[in-house]
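Summary of structural features
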Amino acid sequence: MSKFLKAAATAFSLVAFVAGPAYAEGDPAQGEKVFKKCKACHMVGDKATNRVGPHLNDVFGRTAGTVDGYKYSKHMIGAGDGGLVWDAATLASFLEKPKQLVPKNKMAFKGLKKAEDRANVIAYLASYSEAASSAAAQPAAKAEAADAPAAKPEGVQVAAAPSGTPGGTASSGPMGLGRVALPEEVTAWDIDVRPDGMGLPKGRGNVLDGEEVFVDQCASCHGDFGEGRDRWPVLAGGLDTLADDRPVKTIGSYWPYLSTVYDYIRRAMPFGNARSLSDDDVYAITAYLLYMNDIVDDDEFELSHENFAVTRLPNEENFIPDNRMEESHWVANAEPCMSNCMPDPATITMRARILDVTPESGDDDSGIGQID
Amino acid sequence: MSKKSPTDRATTRRGFLGGGLAAAGGLAVAAGAARAAQPDPLITEIQDWNRYLGDGVDAAPYGVPSEFEAGVVRRNVPWLTADATASVNFTPLHELDGIITPNGLCFERHHGGVAILDPAQYRLMVHGLVDTPLVFTMEDLMRFPRENHAYFLECAANSGMEWRGSQLNGCQFTHGMVHNVIYSGVRLRHLLEEAGVKTNGKWLLAEGADASAMTRSIPLEKALDDCLVAFKMNGEALRPEQGYPVRLVVPGWEGNMWVKWLRRLEIGDQPWHHREETSKYTDLLGDGKARRFTWTMDVKSVITSPSPQKPITHGKGRTVISGLAWSGHGTIKRVDVSLDGGRNWQTARIDGPSLSKSLHRFYYDFDWDGSELLIQSRAMDENGMVQPTKDELRAARGFNSIYHNNSIQTWYVQSNGVTENVEVS
């Protein structure tokens, strides 16, 4: 816990004694854990800056859509203009269903289902808000928090087994180390999918359902049509550009296998809230991505474990094995030249300073390379 | 005497390019003064540090670098990626010497931020085409026979921003996605043998426990050869950003395969073709085809000093050119240095341990006459493979390959010592 947080926690108990603010019902330390879900986009505390979402210092008392330097959706700015001010009650409502309180706002987070989580994270945020320590109690959140089931210790810790065989069967391998993995354990972690369909869960989803989930969960980074916002990945388009000066590598134009799409969304998306989508939702999003890439043209197309393996991506044939060693400069394998290797003195043909995209060079310009 | 604040020191490239001139001039004057009759007050006057007591042994239970080294830090290039949690920063190669990278300066590449994992809650699973699927705890891992190896880890995209042309002024940015540490760990082979790999097992899937659940397919032959499951770097626990408590070490192969926060090893009969081995880390060629499974990091070198962030400030005379060379195929046999843009070459001196798949340090000591230089280094590995020129790589692969740019780098050293990233012909 930061010093700030400790001090704020002390302030809370005093205020709680006097006025009993609602967020005092929440536990800021538990809230800090809940906040991990928010951290992919939001910063709070010392040195917090705007990232994918605005910073959350002094969010209490802040009019919605007003952090300097953050590009809000017009919907969030409109909500602020309409009088939305963040406090324990409005935050509780927003965090429960972000798209309900402020429709079409760009936060790609579906909300915190548990009242307890909301109360805790609000208490955590309050510890970084000056206004929270003086503000009047917000009964809404209080009522909610009070309705919440009593806090249970989360993630009951299995005691570290000294032998590595907690109640399990010892390994019968050459060194007798480790224990036999239980089938439920293998199932829990083994989520990978291969091009031949191995690993696909049973399920289904269609293009229209996929669009709905995509707009809700993915579009804030990838754009409504997979066009990619800022520098987030472009997912659709780019067909026949791979040999161009500026190739556009998307699922439709570049990726060789559809199974990769399913596997990756299921394991890592949405960014910052991995493993939160149902298997059917992943089928639906994958179907929608096929549709956006013109690989299927029927918006009622349904993708399932049954028809998955027969769906091919157009660029599959264009991947070749590593044949670097056949390149002429390697094949030559010659003793390198040591003197008079060029007829004329070398001349400079390009200087990095012309482009001037080196960090800390005082410019915000972007370069043309990328790292992956 | 007032203490010199570390923040006074120019730490930015612009500071070097602009201030470098003044510094070079200033030092030349100082050097002149040292030869003059005026005695140096740093010698004739008693200094604070010579009179007053310094910190005691309780001041820094975990030591940190001198305050005068505050500029020696990892830096990132914000425009490269959408968000810092799925991005990269760069090792300050220009400030380092020897072959070992200090743990806190090893470049970072995450795809879902740094996972925080308590070793008491750490589990590693081996399953798939094995006789017995197993779960190991941290303590189990420590009971396998341990080994120590120095290996470089290079991101396949190191120098990737330079394919189209000179872009970034500093070897930290052009070449800083590499580091070299001594790993302590156990052979991956032992863990796989403990579970018993079935005869149809040909591939290994390694998976991380972070929010990206990073996965890569590795051929079983490599897994059984020299891969390590490592828990220490340079003698201490892995840093969180390097995969604490456990990472995979895949010597000589691209860094993305060195899965951090390693939690799962699955044996299969074919590769998985996951995101980081299809949509990423595949090398697009000029004709639109793309190479996949380009694992090995080919022979490469770079001069780290002088370089754009490390200009020559002492004027003409005795000068040390220093740099790094490495190859994923083994040791470095030779490094040549050119002062004239590749027309003539001299063989540099490799100093320090020459270890397979580890960084090598080279030096070229000479008397600089103060004329403009176009300096290059060219490494040759134990197989006789010679680092290619940028033009050779472009001729073979086009401009959009991103990965595996191991071409020769040129620095333009001006007569005032200011150094720039350039291309020559």
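About the thresholds
Residues numbered from 1 in each chain as written. Chains lettered and ligands numbered in written order. Predicted model: local features only at pLDDT ≥ 70, side-chain atom pairs only at ≥ 80, totals over all residues. Contact = placed C-beta atoms within 7 Å. Helix = DSSP H or I, 4+ residues; strand = E, 2+ residues; numbered from the N terminus. Nonpolar A, V, L, I, M, F, W, Y, C, P; charged D, E, K, R; others polar. Pairing = 2+ DSSP bridges. pLDDT = per-residue confidence, 0-100. Axes fitted to C-alpha atoms, helices over the stretch in contact; angles between N-to-C directions. Parallel < 35°, antiparallel > 145°, perpendicular 65-115°, else oblique. Left-handed = near helix turned anticlockwise from the far one by under 90°.

**Some details on the interface of chain B and chain A**
- If you look at the interface, chain B gives 96 residues, while chain A gives 84 residues.
- When residues in the side of chain B that touches chain A are grouped by element, the largest group, five residues, is from strand β23 (residues 419-424) of chain B.
- Taken together, the residues of the side of chain B that touches chain A break down into 37 nonpolar, 33 polar and 26 charged.
- Of the strand pairs in this sheet, strand β4 (residues 319-321) of chain A and strand β14 (residues 290-292) of chain B are connected by three bridges, and their pairing is parallel. Within the sheet, the bridge partner assigned to Pro321(A) lies in β14(B) and is Arg292(B).

**As for the confidence of the model for chain B**
Residues and elements named next belong to chain B.
- Averaged over every residue, the pLDDT of chain B is 92; the share at 70 or more is 92%.
- Taken together, the stretch residues 1-33 has pLDDT below 50 and engages in 39 contacts with residues farther than four places along the chain or on a different chain.
- For this predicted complex, the interface score ipTM comes out at 0.90, alongside a pTM of 0.79.

**Re the sheet that holds strand β13 (residues 283-284) of chain B**
- Ordered in space as β4(A)-β14(B)-β13(B), the three strands form an open sheet in which the pairing is mixed. Across the chains shown, the open sheet's two edge strands, defined by having one partner strand only, are β4 of chain A together with β13 of chain B.
- Two elements, β13(B) and β14(B), share two bridges in a ladder whose sense is antiparallel. The partner of Leu284(B) across the bridge, within β14(B), is Ala290(B).

**Some remarks on the packing of helix α12 (residues 258-268) of chain A against helix α13 (residues 279-292) of chain A**
Residue and element names in this part refer to chain A.
- Contact geometry for α12 and α13: axes closest at 10 Å, N-to-C directions at 135°. With respect to α13, the element α12 is oriented oblique. Along this stretch, α12 crosses α13, giving a crossing that reads as right-handed. Along its contact with α12, which presents Leu258, Val261, Tyr262, Ile265 and Arg266, the element α13 presents Val282, Ile285, Thr286 and Leu289.
- Along the lines of polarity and charge, the residues of the contact of α12 with α13 split into seven nonpolar, one polar and one charged.

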